[in-house]
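# Reading the structure
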Amino acid sequence: MEKSFLQLIKTRRSCRKYKPEQITDEQLNNVLEAGTYAPSARGLQSAFIVAVQNKEQIAQLTRMNARIMGITSDPYYHAPTCILVFAPVDGKNSFQDGSCIMENMMLAAHAIGLGSCWINREYEMFATDEGKQLMKQWGLPEGLIGIAALALGYPATEAEQAKPRKEGYCRIIK
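Presented here is a report on the structure given in the accompanying data block.

Cut-offs used in this document
- Residues numbered from 1 in each chain as written.
- Predicted model: local features only at pLDDT ≥ 70, side-chain atom pairs only at ≥ 80, totals over all residues.
- Heavy atoms only, no water.
- Axes fitted to C-alpha atoms, helices over the stretch in contact; angles between N-to-C directions.
- Helix = DSSP H or I, 4+ residues; strand = E, 2+ residues; numbered from the N terminus.
- Left-handed = near helix turned anticlockwise from the far one by under 90°.
- Contact = heavy atoms within 4.5 Å.
- Nonpolar A, V, L, I, M, F, W, Y, C, P; charged D, E, K, R; others polar.
- Buried < 20%, exposed > 50% of the residue type's maximum accessible area, 1.4 Å probe, protein only.
- 1 Å grid on protein atoms, 1.4 Å probe; cavity = no way out; pocket = protein on both sides within 12 Å on 5 of 7 lines; lining within 4 Å.
- Points joined across faces, edges and corners; volume = space filled by probe spheres on them.
- Pairing = 2+ DSSP bridges.
- Patch = residues over 30% accessible without salt bridge, like charges linked within 9 Å, V, L, I, M, F, W, Y side chains within 5 Å.
- Areas by Shrake-Rupley, 256 points an atom, 1.4 Å probe, with all protein chains shown as cover.
- Salt bridge = Lys/Arg side-chain N within 4 Å of Asp/Glu carboxyl O.
- Expected span 1.5 Å × (residues − 1).

## Re the packing of helix α2 (residues 25-36) against helix α4 (residues 94-111)
Following both chains from N to C, one finds α2 and α4 inclined at 145 degrees, their axes separated by 7 Å at the closest point. When the axes of α2 and α4 are compared, the crossing they make is right-handed. Here Asn30, Val31, Ala34 and Gly35 of α2 come into contact with α4, specifically with Ile101, Asn104, Met105, Ala108 and Ala109. Classifying every residue of the contact of α2 with α4 by side-chain character gives six nonpolar, three polar and no charged.

## A closer look at the side chain of Gln27
The topology assignment puts Gln27 in helix α2. Of the residues examined, Gln27 reaches a relative accessible area of 14% and is grouped as buried. Setting aside anything within four residues of it in sequence, one finds Gln27 in contact with Ile112, Leu114 and Tyr154.

## Brief notes about the environment of Lys166
Counting through the fold element by element, Lys166 comes out in the segment after β4 (144-153). Along the backbone, Lys166 and Met64 are 102 residues apart, and their C-alpha atoms lie at a distance of 36 Å.

## Description of the layout of surface pockets
Computed from the structure, the largest pocket encloses a volume of approximately 790 Å³. Around the largest pocket sit 26 residues that line it, and Thr11, Arg12, Arg13, Ser14 and Ala159 are the ones nearest its centre. Within the residue set of the lining of the largest pocket, elements represented by two or more residues are α1 (3-11), α4 and β3 (115-119). Ranked by residue count, the leading element in the lining of the largest pocket is α4, at four residues.

## Regarding the sheet that holds β4
As summarised here, the arrangement of the four strands in space is β1-β2-β4-β3, forming an open sheet in which the pairing is antiparallel. Edge positions in the open sheet fall to β1 (48-52) and β3, since each of these has one partner strand only. On average, each strand axis in the sheet is inclined to that of its neighbour by 25 degrees, with strand direction left out of account. Of the pairings in the sheet, the one linking β3 to β4 comprises five bridges and is antiparallel in character. Within β4, the position partnered with Cys117 by the bridge is Ala151.

## Thoughts on a nonpolar patch on the surface
Taken together, the side chains of Phe5, Leu6 and Ile9 define a hydrophobic patch exposed on the protein surface, amounting to about 240 Å² of accessible area. For Leu6, a relative accessible area of 34% translates into the label partly exposed.

## With respect to unusual backbone geometry
We note that Gln45 has phi near 50 degrees; this positive angle belongs to a residue other than glycine. Since its relative accessible area comes to 60%, Gln45 is described here as exposed. Unlike most non-glycine residues, His78 shows phi in positive territory, near 60 degrees. Note on placement: His78 falls in the loop between α3 (55-69) and β2 (81-88).

## Focus: α3
For α3, built from 15 residues, the straight-helix expectation of 21 Å at 1.5 Å per residue is met to within 8% by its first-to-last C-alpha distance of 21 Å. Burial in α3 covers these residues: Gln57, Ile58, Gln60, Leu61, Thr62, Met64, Asn65 and Ala66. In the core, the buried residues of α3 are packed alongside β1, β2, β3, α5 (122-125) and α6 (129-137). Downstream of α3 by a residue or two, Gly70 has a phi angle that is positive, lying close to 75 degrees.

Everything listed here is a matter of coordinates, which is why it stays silent on function.
Structural data, given as structure tokens:
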């Protein structure tokens, strides 16, 4: 494995504090493209990726997610961009495919100097009437579920060091 790639993996951290300025279109497109190259079951590429930079819609997503979480703070950590991943409700590998997309995008973001954080509760958010209306507004086909979201932007703080890896994490059976 190339040392630089392993170093990228080792240094990526979840970012929970973002600068207010928006990322560039080129940066966004790089992150989205990385997501499209994630593996998918049977190569079907059945997932959909939606990037939201509209402040009103991000505020709506924030309210929806916070309501499910039972909080009033921002579950997206005031990130200027929110990327949502959707997949077919009847897909046997929807969560696996969506998770691969998320990981590719997080690594791509880190590689180009952006911060990101995996956000949950999109499954519950987009099962609501409000969530279904947003999906329709975004031109998504019916029959999708929310998998996850990525808060994305310029990090406002330095990333912390990784915790030491636990003993016995891996087993090799020969």
